[in-house]
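# Inside the fold
Here is what each chain is made of, one letter per residue.
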Amino acid sequence: MRIPVIVLAFAAACAGDSPPATGRCTGLIYDPCNTEDNCDSALCQNFVDEFQVCSQMCDDTLPCPAGGDCNEFGVCKPPAANACVL
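Residues numbered from 1 in each chain as written. Predicted model: local features only at pLDDT ≥ 70, side-chain atom pairs only at ≥ 80, totals over all residues. Heavy atoms only, no water.

Of regular secondary structure, the chain possesses one helix and four strands. Listed by position from the N terminus, the elements making up the chain come as α-β-β-β-β. Buried positions account for 27% of the 86 residues belonging to the chain. At a minimum sequence separation of 6, the contacts of the chain that also span at least 24 residues come to 43%. Looking at the chain as shown, the accessible area adds up to about 6200 Å², and 60% of this sits on carbon and sulfur atoms. (Helix = DSSP H or I, 4+ residues; strand = E, 2+ residues; numbered from the N terminus. Buried < 20%, exposed > 50% of the residue type's maximum accessible area, 1.4 Å probe, protein only. Contact = heavy atoms within 4.5 Å. Areas by Shrake-Rupley, 256 points an atom, 1.4 Å probe, with all protein chains shown as cover.)

What follows is the structure, encoded as C-alpha cells:
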C-alpha cells in the first residue's frame with residue numbers, strides 16, 4: 001500500500017507545474033534568448049519583468065508574426081516565450 005501513497009504524493013507535488021520545453025531553441029521569433037547572437041533576427045528583446053525573446057521591429061507595413069502585438073516601441077511582443085531551451 002505504500003507505493004500508491006508515494007505515487008499520489010508525487011502527482012500532487014507536480015500539479016500546476018509548467019509543461020517541459022519542447023526542445024532546443026533555434027533563434028526563431030519569440031524563442032528565449034540571452035544575446036542578439038541567439039536570434040536569426042539579431043534582436044533579443046527584454047520585456048521588463050516578463051521574459052526576453054527573439055523579436056523583430058514592426059509597424060503598419062510590417063506586422064508581427066502570429067501571436068505577437070506591435071508595442072509602443074515598434075517591437076513585436078508575444079504573450080509568452082516559445083517553449084524551448086537555449
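Having put the structure on the table, let's press on.
This part covers the nonpolar core. Listed in full, the five residues of the largest apolar core are Leu43, Phe47, Phe51, Val53 and Val75. Once you skip the residues sitting within four places of it in the chain, Val75 turns out to touch Leu43, Gln45, Phe47, Ser55, Gln56, Met57, Cys58, Asp69 and Cys70. (Core = buried A, V, L, I, M, F, W, Y, C linked by side-chain atoms within 4.5 Å.)

Turning our eyes to something else, we now look at the state of the cysteines. On inspection of all chains with the given rule, the structure shows five disulfides. One disulfide in the model links Cys33 with Cys44; its S-S distance is 2.0 Å. Taking the torsion about the sulfur-sulfur bond, which here is approximately 100°, the covalent link between Cys33 and Cys44 counts as right-handed. Of this pair, Cys33 sits in the loop between helix H1 (2–14) and strand E1 (44–47) while Cys44 sits in strand E1; the two residues are eleven residues apart in sequence, bridging distant segments of the chain. Residue pairing for Cys58: its cysteine sulfur links by disulfide to Cys70, the two sulfurs lying 2.1 Å apart. On the sign convention where negative means left-handed, the S-S torsion of about 95° between Cys58 and Cys70 marks this disulfide as right-handed. Taken together, the positions of Cys58 in the loop between strand E2 (51–54) and strand E3 (69–70) and Cys70 in strand E3 put the pair twelve residues apart, joining distant regions of the chain. Cys70 gets classed as partly exposed once you look at its relative accessible area, which sits at 39%. Disulfide partners in the chain, listed by the sequence order of the bonded cysteines, are 1-10, 2-4, 3-5, 6-8, 7-9. (Disulfide = S-S within 2.5 Å.)

Let us now look at unusual backbone geometry. We note that Tyr30 has phi near 75°; this positive angle belongs to a residue other than glycine. Looking at the element boundaries, Tyr30 is found in the loop between H1 and E1. Phi is positive for Ala42, which is not a glycine, with a value near 60°. Along the chain, Ala42 falls in the loop between H1 and E1.

This part takes up the pairing of E2. For E1 and E2, the ladder comprises four bridges, and the chain directions are antiparallel. Looking across to E2, one finds that Asn46 is bridged to Gln52. Counting the residues between successive antiparallel strands, the hairpin from E1 to E2 contains three residues, one of them, Asp49, with a positive phi of roughly 60°. (Pairing = 2+ DSSP bridges.)

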